[in-house]
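What follows is each chain in one-letter form.
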Amino acid sequence: MSTDVKTEPEIIFPDVAVNLYKPKNPVEVPIVENRIATLQSSPNFIRHISFDVSGTELEGKVRSGQSIGIIPEGLTERNGKPAKVRLYSVAAPTRGEDGEGKIISTTVKRLVDEDQESQGLFTGLCSNYLCAKKPGDTVKMTGPNGKKFVLPENSEDFNYVFFATGTGIAPFRGMVTDLLEKGVKNDIVLVFGCPYRSDLLYNDFFEELAEKHDNFHYLKSISREDPREDGTKHYVQYKLLDAWEILNPILLKNNTLIYICGLKGMELGLYKLLAQQGYEGYLKVSEEVADKPPHKWETEDLKKNVRPSKRMFLEVY
Ligand code: A2P
């Protein structure tokens, strides 16, 4: 059960190491694991990739919620210039995959698309480079990056609602592990959205955690299978309505934090529903739309006039 607190606790941000390796001086690290992270039947290619950072500056310094950079060596951008660094969210908990901060991981989706101009196949440079790497191969790594999208130092003082779409689940695999291993007793909710059931990422892992911990709730929004009653797709934000019994008591507490990670644009639907449902503590709404009822907010209103408050953290791409 969530604790109820009278005054909103202060969020104490941890000291976080950043930029230990920059693109000009990356570190070469071996890959130790590269496996499919979805069910085998998924038409998407999403992999869980682990790296051995032992003996480097990164050992023990990379927190859940941060990113690492990968330089796809030897490849060139579309403009012919040498390929630049790409950032990937860390999927490992802060203690690493191994418990000692020596093995860190990420979740990578191969970008495969149609090039609109040439109508040829377009494949993402770095995602395909990384997904093809085998244990023993090495890659050039930079980072860690990001100071803001991390758990507070006083993480036991809060409840958490994590919203993820697709590979946006990576940081939450680490954060949920960090919280449960620390013995946090408050509520932790993970809402995960993906197209089909076969695209659920780390599903067995989260199912097991939910089975084991009464305070961890795992909710899935599968968008392209059965629609919601009103015909709309199951998107993560609709859990505010469809799992109201679980989320409402948690979101009403003043010591609850929201973290959002995944598709750029997903935050707007969430802002709108949070406002519609009266969860104002998570948003800063400018005067221009303050008089307009939230169900009438257009995308432009949301983009220009609604921002996350200090109780909401955002990482979208
Ligand atoms: P859909 O693509 O069916 O519209 P992935 O990255 O694996 O494709 O998953 C992203 C998930 O997020 C999909 O289920 C996708 O649904 C869903 N999605 C797409 N747009 C939004 C949005 N604006 N808000 C919330 N979820 C979204």
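Below, the structure is looked at part by part. As the structure is a computational prediction, the values presented were derived from the model and not from experiment.

### Considering the side chain of N248
Tracing the backbone shows N248 in helix α5 (residues 244-251). One polar contact links N248 to Y279, side chain to side chain, over a distance of 2.7 Å.

### Concerning the site of the ligand
Around the ligand there are 14 residues in total, and C194, S223, R224, K233 and Y235 lie nearest to it. Note that an oxygen atom of the ligand is positioned 3.2 Å from one of the backbone N or O atoms of P195. Here an oxygen atom of the ligand sits 2.6 Å away from a polar atom, N or O, in the side chain of R224. Protein contacts shield 80% of the accessible area of the ligand, which totals 560 Å² for the unbound molecule.

### With respect to the sheet that holds strand β4 (residues 86-89)
Spatial strand order, β4-β3-β8-β1-β2-β5: six strands in an open sheet with antiparallel pairing. Across the chains shown, the open sheet's two edge strands, defined by having one partner strand only, are β4 and β5 (103-109). Adjacent strand axes in the sheet meet at a mean angle of 45 degrees when their direction is disregarded. Direction of pairing for strand β2 (residues 46-52) relative to β5: antiparallel, over a ladder of seven bridges. Its bridge partner lying in β5, R47 is registered against V108.

### Focus on the sheet that holds strand β9 (residues 159-165)
With parallel pairing, five strands are arranged side by side in an open sheet as β11-β10-β9-β12-β15. Unpaired on one side and paired on the other, β11 (216-222) and β15 (312-316) mark the two borders of the sheet. Neighbouring strand axes in the sheet, compared pairwise and without regard to direction, differ in orientation by 10 degrees on average. Bridge analysis of strand β10 (residues 188-194) against β11 gives seven bridges, and the strand direction is parallel. Within β11, the position partnered with G193 by the bridge is S221. Contacts from helix α6 (residues 266-276) reach β9, β12 (256-262) and β15 within the one sheet, and its direction differs from that of β12 by about 150 degrees.

### Points about the packing of helix α2 (residues 170-182) against helix α3 (residues 203-212)
The axes of two packed helices give the description: the angle between them and the distance between them. At a minimum axis separation of 12 Å, α2 and α3 run at an interaxial angle of 25 degrees. One way to sum up the angle between α2 and α3 is to call them roughly parallel. In this structure, α2 crosses over α3, and the sense of that crossing is left-handed. When α2 is examined against α3, the residues F172, R173, V176, T177 and L180 are found in contact with a partner set consisting of F205, F206 and L209.

### Focus: the nonpolar core
Ranked by size, the top nonpolar core spans 34 residues in total, and within it Y160, F162, F172, F216 and Y259 carry the most contacts. Of all elements in the fold, only β9, α2, β10, α3, β11 and β12 reach the threshold of two or more residues within this core. Here this core gets six residues from one element, more than from any other, and that element is α2. In contact with F162, not counting residues within four places along its chain, are L151, F172, M175, V176, L179, I188, V189, L190, V191 and Y259. L240, I250, L274 and L302 belong to the second largest nonpolar core, which has 28 residues in total.

### Some words on the environment of G262
For G262, the position within the fold is in strand β12. Excluding anything up to four places from it in sequence, G262 contacts T165, G168, E315, V316 and Y317.

### What to know about α3
All of the buried residues along α3 are N203, F206 and L209. One side of α3 carries all its buried residues, which in axial view fall inside an arc of 130 degrees. Exposed residues on α3 whose side chains face more than 90 degrees from its buried face are D204, E208, E211 and K212. Looking at the buried positions of α3, the neighbouring elements they touch are α2, β10 and β11.

Conventions we followed
- Residues numbered from 1 in each chain as written.
- Predicted model: local features only at pLDDT ≥ 70, side-chain atom pairs only at ≥ 80, totals over all residues.
- Heavy atoms only, no water.
- Helix = DSSP H or I, 4+ residues; strand = E, 2+ residues; numbered from the N terminus.
- Polar contact = N/O pair within 3.5 Å; in protein donor to acceptor, adjacent residues only side chain to side chain.
- Near = heavy atom within 4 Å.
- Areas by Shrake-Rupley, 256 points an atom, 1.4 Å probe, with all protein chains shown as cover.
- Pairing = 2+ DSSP bridges.
- Axes fitted to C-alpha atoms, helices over the stretch in contact; angles between N-to-C directions.
- Contact = heavy atoms within 4.5 Å.
- Parallel < 35°, antiparallel > 145°, perpendicular 65-115°, else oblique.
- Left-handed = near helix turned anticlockwise from the far one by under 90°.
- Core = buried A, V, L, I, M, F, W, Y, C linked by side-chain atoms within 4.5 Å.
- Buried < 20%, exposed > 50% of the residue type's maximum accessible area, 1.4 Å probe, protein only.
- Arc of directions from axis to C-beta.

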